[in-house]
Amino acid sequence: MMKRFREQCRGFESKCSDDLEIVSTQASDQDIFFDSVIGHIEDILMEENFQELQKCFMEKYWHEFEDEEENKLCYMNIFKEYTDTIEKHIEIHLVKMIPNFSMDEFIEQLQTRKNELNGEVFEMLFTFSDFIAFKEMFLDYKAMKDGRVEDLSKGICITSGILH
């Protein structure tokens, strides 16, 4: 059976060799490190204590935000406090898990890759360095609190598990 499979593959290779290009890419050490950090951050974001920390912060300030083009002066103070609080929480965990971790270097990498990245983890991480993303996060939370958006988190339970 394997012999017949190899023969079929050889036939395929000869028919498609002009059209088929196999490209082998290898991730750089920097890419591997970045992916590792993102994996750890995903774990941190799923932890109950992080969820509670962020919820408490949002509860404290959501009423301050308005969906207007002009920003209030207090937004920058809230942004700084948020960045300091949430970033510090994540950084403390990452330093424990990754030797020689630097949040400043990681945020720099995040900014250089911004156009390549998508997903909830990256949206969350951009709230540390992108004021617009931060404000949108608060406006979304405010809309949910005001009842203008249905809170889909009720009834959803996220748990970690081991796949066998």
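Residues numbered from 1 in each chain as written. Predicted model: local features only at pLDDT ≥ 70, side-chain atom pairs only at ≥ 80, totals over all residues. Heavy atoms only, no water.

Points about the overall build of the protein
Looking only at helices and strands, the protein has seven helices and zero strands in total. From first element to last, N terminus to C terminus, the protein shows the α and β order α-α-α-α-α-α-α. Taken over 164 residues, the protein has a buried fraction of 31%. Sequence-distant contacts, at least 24 apart, represent 72% of the contacts inside the protein between residues at least 6 apart. For the protein, the exposed surface amounts to about 12,400 Å²; the carbon and sulfur share of it is 51%. (Helix = DSSP H or I, 4+ residues; strand = E, 2+ residues; numbered from the N terminus. Buried < 20%, exposed > 50% of the residue type's maximum accessible area, 1.4 Å probe, protein only. Contact = heavy atoms within 4.5 Å. Areas by Shrake-Rupley, 256 points an atom, 1.4 Å probe, with all protein chains shown as cover.)

Points about the confidence of the model for the protein
In this model, the protein carries a mean pLDDT of 79, and residues with pLDDT of at least 70 account for 75%. Per-residue pLDDT, averaged within each element of the protein, yields its smallest value for helix 1 (residues 2-16) (46) and its largest for helix 3 (residues 48-61) (94). Every residue in residues 1-9 is under pLDDT 50, and counting partners more than four places away or in other chains gives zero contacts. Of the regions scoring below 50 in pLDDT, residues 11-17 engages in one contact with residues more than four places distant in sequence or in other chains. (pLDDT = per-residue confidence, 0-100.)

Re the packing of aromatic side chains
The tally for this structure, following the rule as stated, stands at 14 aromatic pairs. Between Y82 and F134, the ring centres sit 5.3 Å apart and the planes meet at 45°, which makes this aromatic pair tilted. Of this pair, Y82 sits in helix 4 (residues 74-97) while F134 is found in helix 7 (residues 131-145), placing the two residues 52 residues apart along the sequence. F134 matches Y82 in its accessibility class, with the two residues each being buried. Ring-pair connections join several aromatic residues into one group, and the members of that group are F57, Y61, F65, Y75, F79, Y82, F131, F134 and F138. (Phe/Tyr/Trp six-rings, centres within 6.5 Å; stacked < 30°, edge-to-face > 60°.)

Some details on the packing of helix 2 (residues 29-46) against helix 4
In the contact formed by helix 2 and helix 4, the axes pass within 10 Å of each other and the chain directions differ by 125°. The orientation of helix 2 with respect to helix 4, classified from their angle, is oblique. Two packed elements cross with a definite hand, and for helix 2 against helix 4 that hand is right-handed. Only H89, I90, H93, L94 and M97 of helix 4 make contact with helix 2, whose side of the interface consists of V37, H40, I41, I44 and L45. For the contact of helix 2 with helix 4, the per-class residue count stands at seven nonpolar, three polar and no charged. (Axes fitted to C-alpha atoms, helices over the stretch in contact; angles between N-to-C directions. Parallel < 35°, antiparallel > 145°, perpendicular 65-115°, else oblique. Left-handed = near helix turned anticlockwise from the far one by under 90°. Nonpolar A, V, L, I, M, F, W, Y, C, P; charged D, E, K, R; others polar.)

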